[in-house]
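A structural walkthrough
Residues per chain are reported as follows:
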Amino acid sequence: MLEAMAMQKPVLASDVGGIAENSIHKESGWLVPPADPQQLKEAVLRLYSNRSVRTKIAQNGYEQVTKHFSWDRIAEKTVQFYQKILENNSSTKSLNEQERQTNKLEDS
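The structure reproduced in this document is the subject of the present report. The shown structure was predicted, so the numbers you read here are calculated from the model rather than taken from an experiment. (Residues numbered from 1 in each chain as written. Predicted model: local features only at pLDDT ≥ 70, side-chain atom pairs only at ≥ 80, totals over all residues. Heavy atoms only, no water.)

1. Considerations on the pattern of salt bridges
Applying the stated criterion to the full structure yields two salt bridges. Among the salt bridges present, the one from Glu-27 reaches Lys-56, with a minimum N-O distance of 3.7 Å. One end of the pair, Glu-27, is in the loop between helix H2 (19-22) and strand S2 (30-32); the other, Lys-56, is in helix H4 (residues 51-68), with 29 residues separating them in the sequence. Residue classification places Glu-27 among the partly exposed residues on the basis of a relative accessible area of 36%. A salt bridge links Glu-76 to Arg-73; the shortest N-O distance between them is 2.6 Å. Note that Glu-76 and Arg-73 are positioned in helix H5 (residues 71-107) at a spacing of three residues, about one turn of the helix. (Salt bridge = Lys/Arg side-chain N within 4 Å of Asp/Glu carboxyl O. Helix = DSSP H or I, 4+ residues; strand = E, 2+ residues; numbered from the N terminus. Buried < 20%, exposed > 50% of the residue type's maximum accessible area, 1.4 Å probe, protein only.)

2. Considering a nonpolar patch on the surface
A cluster of nonpolar residues, Phe-69, Trp-71 and Ile-74, forms a patch on the protein surface that exposes about 340 Å² of accessible area. Mapped onto the secondary structure, Phe-69 falls in the loop between H4 and H5. The exposure class of Phe-69 is partly exposed, given its relative accessible area of 31%. (Patch = residues over 30% accessible without salt bridge, like charges linked within 9 Å, V, L, I, M, F, W, Y side chains within 5 Å. Areas by Shrake-Rupley, 256 points an atom, 1.4 Å probe, with all protein chains shown as cover.)

3. A closer look at the packing of helix H3 (residues 37-49) against H4
Orientation of H3 relative to H4, taken along the N-to-C sense of each, is 100°, at an axis distance of 5 Å. Considering the angle they form, H3 stands roughly perpendicular to H4. For the pair formed by H3 and H4, the contact residues are Leu-47, Tyr-48 and Ser-49 on the first element and Arg-51, Val-53, Arg-54 and Ile-57 on the second. Classifying every residue of the contact of H3 with H4 gives four nonpolar, one polar and two charged. (Axes fitted to C-alpha atoms, helices over the stretch in contact; angles between N-to-C directions. Parallel < 35°, antiparallel > 145°, perpendicular 65-115°, else oblique. Contact = heavy atoms within 4.5 Å. Nonpolar A, V, L, I, M, F, W, Y, C, P; charged D, E, K, R; others polar.)

4. Digging into the packing of aromatic side chains
Each aromatic ring pair is summarised here by two numbers: the centre-to-centre distance and the angle between the ring planes. The tally for this structure, following the rule as stated, stands at one aromatic pair. Relative to Tyr-82, the ring of Phe-81 has its centre 5.5 Å away and its plane inclined at 70°; by these criteria the two rings are edge-to-face. Positioned over the ring face of Phe-69 is Lys-77, at 5.9 Å from the centre of the ring. (Phe/Tyr/Trp six-rings, centres within 6.5 Å; stacked < 30°, edge-to-face > 60°. Lys NZ or Arg CZ within 6 Å of the ring centre and 35° of its normal.)

5. Looking at unusual backbone geometry
Not every positive phi belongs to a glycine, and Gln-8 is a case in point at roughly 60°. Topologically, Gln-8 is positioned in the loop between helix H1 (2-6) and strand S1 (12-14). Residue Gln-8 is classed as partly exposed on the basis of its relative accessible area of 40%. Positive phi, close to 70°, is recorded for Lys-26, a residue that is not glycine.

6. Digging into the side chain of Gln-64
Within the secondary structure, Gln-64 is located in helix H4. Residue Gln-64 is classed as buried on the basis of its relative accessible area, which comes to 15%. At 2.7 Å, the side chain of Gln-64 and the side chain of Ser-28 are in polar contact. Ignoring sequence-local partners within four residues, the contact set of Gln-64 consists of Met-5, Asn-22, Ser-23, Ile-24, Ser-28 and Phe-69. (Polar contact = N/O pair within 3.5 Å; in protein donor to acceptor, adjacent residues only side chain to side chain.)

Shown next, in the form of structure tokens:
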């Protein structure tokens, strides 16, 4: 799905799993309920017959994917993730050290 958005193609998908997290219905993608062939048929016909809607969805999808899934954005999120782990690890070490100090005082 993200690949299609990156290629500026209109996306039509079933609204299952994490699909809705990456597409806004009728804005950056067209979502249909799962296991509903009638809705799927209607969506295909609507997109096929309406070039302006296809173009709008394709452009919005492209903008969304380049904003949230560019390599720069992925690298930024990865760095933030590791920084959070390191901060939590440092906090845990500090708490463990404080606990050891407290235990030493109690043992004395």
